[in-house]
Amino acid sequence: MAKIENIDEATARVEAALYSAGRPLRIEDIVRASGTESRTKTLDILQNIMKKTKSAFKALEVVILPDGSYVMQLKPEYSATVKKYASKPVLPNATLKTLSYIAYQQPISSKQLVEVRGSGVYAHLKELRQLDYITHQNVGRIKIYTTTEKFQKYFGIQGDVEDLKQRLFSKVRKTASARQTTPAPQIVTEVN
């Protein structure tokens, strides 16, 4: 493929890659997409795209994730607004439940996860590690899992682990109390 010299064409290619990927892209992938064969030029293009996106759009952003990858995404505060329009969830429900359990219980061992979530958790852990939402440390033969900074940034969560746990606990408590205040349906039978 010929090297792209036209900066507008290279910018359009980077925008297209970020938009269509639907996932974070490594700088190497973006350099390839730009066609410039230059990391420096591509980084300049990315900075310009980030500035343009920030000024032109209210709900979209291009951000650098902790692992150095770039993603075009919806700002976290608009997630609830568009949830019903999204065609495919970020993660399957079972994997999302495993991730939320890890976030709430962290640090948590693989043994504890299997006891609570079942043996399917191994596939969830693999997917979550590939997305870099979780990390682990080996303690003997057991792996201890925690969430990553990328997880916090992607899901719009700020603060330390204890703050995250408190907010999750608060949300669960609100949901539980809302269920308790809703009256149970009454069964009425008519006797003649």
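Remember, predicted model here, so these are calculated numbers, not experimental data.

## Concerning the nonpolar core
No. 1: Judged by nonpolar contacts, the single largest core of 15 residues is most densely connected at Val14, Leu18, Ile30, Leu46 and Tyr70.
No. 2: Breaking this core down by element, the ones donating at least two residues are helix H1 (7-21), helix H2 (27-34) and helix H3 (39-56).
No. 3: Residues in contact with Ile30, not counting those within four places in the same chain, are Val14, Leu18, Leu25, Thr42, Leu46 and Tyr70.
No. 4: Core analysis: the next-biggest nonpolar cluster, separate from the first, contains 14 residues, Ile108, Val121, Tyr133 and Ile157 among them.

## Description of the pairing of strand S5 (residues 142-147)
Remark: a regular strand shows side chains that alternate across the two faces of the sheet.
No. 1: Here strand S3 (residues 108-109) runs beside S5; their pairing, made up of two bridges, is antiparallel. The residue bridging Ile108 from the neighbouring strand is Tyr145, located in S5.
No. 2: Examined bridge by bridge, strand S4 (residues 134-139) and S5 share six bridges and lie antiparallel to one another. The partner of Asn138 across the bridge, within S5, is Lys143.

## Remarks on the packing of H2 against H3
No. 1: The interhelical angle for the contact between H2 and H3, taken along N-to-C directions, is 95 degrees, at an axis separation of 9 Å. On the basis of the axis angle, H2 is roughly perpendicular to H3. Together, Ile27, Glu28, Ile30, Val31 and Ser34 of H2 and Arg39, Thr42, Leu43 and Leu46 of H3 make up the contact between the two elements.
No. 2: Considered class by class, the residues forming the contact of H2 with H3 number five nonpolar, two polar and two charged.

## Observations concerning the confidence of the model for the protein
No. 1: Model confidence for the protein is summarised by a mean pLDDT of 83, while 80% of its residues fall at 70 or above.
No. 2: By mean pLDDT, helix H9 (residues 161-181) is the weakest element of the protein at 64, and H3 is the strongest at 94.
No. 3: Predicted confidence is poor over residues 184-192, with pLDDT under 50, and the contacts of this stretch with residues over four places away or in other chains come to zero contacts.

## Some words on the pattern of salt bridges
No. 1: In the structure shown here, the tally under the stated rule is nine salt bridges.
No. 2: For Asp67, the salt bridge is made with Lys150, and the minimal N-O distance between the two is 3.7 Å. Taken together, the positions of Asp67 in the loop between strand S1 (60-64) and strand S2 (70-74) and Lys150 in helix H8 (residues 149-154) put the pair 83 residues apart, joining distant regions of the chain.
No. 3: By relative accessible area, Asp67 is classed as partly exposed at 43%.
No. 4: The class of Lys150 is buried, set by a relative accessible area of 7%.
No. 5: Ionic contacts of the salt-bridge type, sharing partners, join the residues Arg26, Glu28, Asp29, Arg32 and Arg39 into one network.

## Describing the sheet that holds S3
No. 1: With antiparallel pairing, the three strands of this open sheet are ordered in space as S3-S5-S4. Every other strand in the sheet has two partners, leaving S3 and S4 as the edge strands with one partner each.

## A short note on the side chain of Thr42
No. 1: On the secondary structure map, Thr42 appears in helix H3.
No. 2: Since its relative accessible area comes to 0%, Thr42 is described here as buried.
No. 3: Ignoring sequence-local partners within four residues, the contact set of Thr42 consists of Ile27, Ile30, Val31, Ser34 and Thr36.

## Re the environment of Ser109
No. 1: Mapped onto the fold, Ser109 is located in strand S3.
No. 2: Judged by relative accessible area, which is 10%, Ser109 ranks as buried.
No. 3: Each C-alpha atom of the pair Ser109 and Ile142 lies 6.6 Å from the other, and the pair is 33 residues apart in sequence.
No. 4: Residues within four places of Ser109 in sequence aside, it is in contact with Ile142, Lys143 and Ile144.

## Notes on the pairing of S1
No. 1: Relative to S2, S1 runs antiparallel, the two being bridged by five bridges. When the bridges of S2 are listed, Val63 appears paired with Val71.
No. 2: Between S1 and the antiparallel strand that follows it, S2, lie five residues; Gly68 among them carries a positive phi value of about 90 degrees.

Rules and cut-offs
- Here, residues in each chain are numbered from 1, in the same order as that chain's written sequence.
- In keeping with the predicted nature of the model, local features appear solely for residues at pLDDT of at least 70, side-chain atom pairs appear and are counted solely at 80 or more, and the whole-chain, interface and lining totals rest on all residues.
- Side-chain calculation: all heavy atoms of the structure are included, whereas hydrogens and water are not.
- Residues belong to a common nonpolar core when they are buried Ala, Val, Leu, Ile, Met, Phe, Trp, Tyr or Cys residues joined through side-chain atoms within 4.5 Å.
- For every residue, the accessible area obtained with a 1.4 Å probe (protein chains only) is divided by the maximum for its type, and the residue is called buried under 20%, exposed over 50%, and partly exposed between those limits.
- Note on conventions: DSSP H or I runs of at least 4 residues are helices, E runs of at least 2 residues are strands, and numbering of each starts at the N terminus.
- The contact criterion used is simple: two residues touch if any of their non-hydrogen atoms lie within 4.5 Å.
- Criterion used throughout: strands pair if DSSP finds at least two bridges between them.
- Under this scheme, a helix contributes an axis fitted over its contacting stretch, all axes are lines through C-alpha atoms, and angles between N-to-C directions fall in the 0 to 180 degree range.
- Our angle categories are set so that under 35 degrees counts as roughly parallel, over 145 as roughly antiparallel, 65 to 115 as roughly perpendicular, and the remainder as oblique.
- For this scheme, ten residues count as nonpolar: Ala, Val, Leu, Ile, Met, Phe, Trp, Tyr, Cys and Pro. Four count as charged, namely Asp, Glu, Lys and Arg, and the remainder, Gly too, count as polar.
- On a range of 0 to 100, pLDDT expresses the predictor's confidence in each residue.
- Every case where a carboxyl oxygen of Asp or Glu lies within 4 Å of a side-chain nitrogen of Lys or Arg is listed as a salt bridge.

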